[in-house]
Amino acid sequence: MFVLMRCLHHPGQDGPRDAHRPAHRAWVQSGGDGTAIVLIGSALLDGNDAAIGNFGILEAADLAHARAFAEGDPFNRAGIVAAIELTPLPDSFQAYRISEPMTART
């Protein structure tokens, strides 16, 4: 299934986010050690271009796997994430249009 993941961060997390970004990127590239495939994702910004979180479109076996991916992210484990929102996408979601997933398919 495909899932839209939104992770909203606590305010004032620029320093911790910078410190944990390499581990976060490794987590995304590994798909959370195979928990999910990240098709695409990025930072979320407010109206003043300040980072307020991140999003991703995941391919996962089910919502439990998507949640395990989100909860295992180093940003979440470091206490940066205030809330995780998971929204299932319809079966008609055109994932094939994302030509280079962030997590390699094995």
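No experiment lies behind these values; they were computed from the predicted model shown. (Residues numbered from 1 in each chain as written. Predicted model: local features only at pLDDT ≥ 70, side-chain atom pairs only at ≥ 80, totals over all residues. Heavy atoms only, no water.)

Engineer: Could you give me a rundown of the pattern of salt bridges, with the residues and numbers involved?
Structural biologist: Taken as a whole and assessed by the stated rule, the structure comprises five salt bridges. A salt bridge links Arg6 to Glu85, with the shortest nitrogen-to-oxygen separation between them at 2.8 Å. In this pair, Arg6 sits in strand 1 (residues 2-9) while Glu85 sits in strand 4 (residues 81-88), placing the two residues 79 residues apart along the sequence. Residue classification places Arg6 among the partly exposed residues on the basis of a relative accessible area of 30%. Here Glu85 falls in the partly exposed class, since its relative accessible area comes to 33%. The closest approach of N and O atoms between Glu59 and Arg105, which form a salt bridge, is 2.8 Å. In this pair, Glu59 is assigned in strand 3 (residues 51-59) and Arg105 in the segment after strand 4, connecting sequence segments 46 residues apart. With relative accessibility at 24%, the residue Glu59 sits in the partly exposed group. A relative accessible area of 49% places Arg105 in the partly exposed class. (Salt bridge = Lys/Arg side-chain N within 4 Å of Asp/Glu carboxyl O. Helix = DSSP H or I, 4+ residues; strand = E, 2+ residues; numbered from the N terminus. Buried < 20%, exposed > 50% of the residue type's maximum accessible area, 1.4 Å probe, protein only.)

Engineer: Go over the sheet that holds strand 2 (residues 37-45), please, and point to the residues and values.
Structural biologist: Strand order in the open sheet formed by four strands is 2-3-1-4, with antiparallel pairing between adjacent strands. Looking at which strands have only one partner, the edges of the open sheet turn out to be strand 2 and strand 4. Strand-to-strand twist of the sheet, defined as the mean angle between neighbouring strand axes without regard to direction, takes the value 15°. Bridging between strand 1 and strand 4 involves seven bridges; their strand directions are antiparallel. Looking across to strand 4, one finds that His9 is bridged to Val81. Against the sheet, helix 2 (residues 63-72) makes contact with strand 1, strand 2, strand 3 and strand 4, and its axis sits at roughly 155° relative to strand 4, the strand it touches most. (Pairing = 2+ DSSP bridges. Axes fitted to C-alpha atoms, helices over the stretch in contact; angles between N-to-C directions. Contact = heavy atoms within 4.5 Å.)

Engineer: Got a sec to walk through helix 1 (residues 14-34)? Specific residues and values, please.
Structural biologist: Its 21 residues give helix 1 an end-to-end C-alpha distance of 28 Å, which sits within 8% of 30 Å, the value for a rise of 1.5 Å per residue. Of all the bends in helix 1, the greatest, near 65°, is centred on Val28. Turning to helix 1, its buried residues are Arg17, His24, Trp27, Val28, Gly31 and Gly32. On the buried face of helix 1, the contacting elements are strand 1, strand 2, strand 3, helix 2 and helix 3 (74-77). (Expected span 1.5 Å × (residues − 1). Bend = angle between axes of the 7 residues up to and from the residue.)

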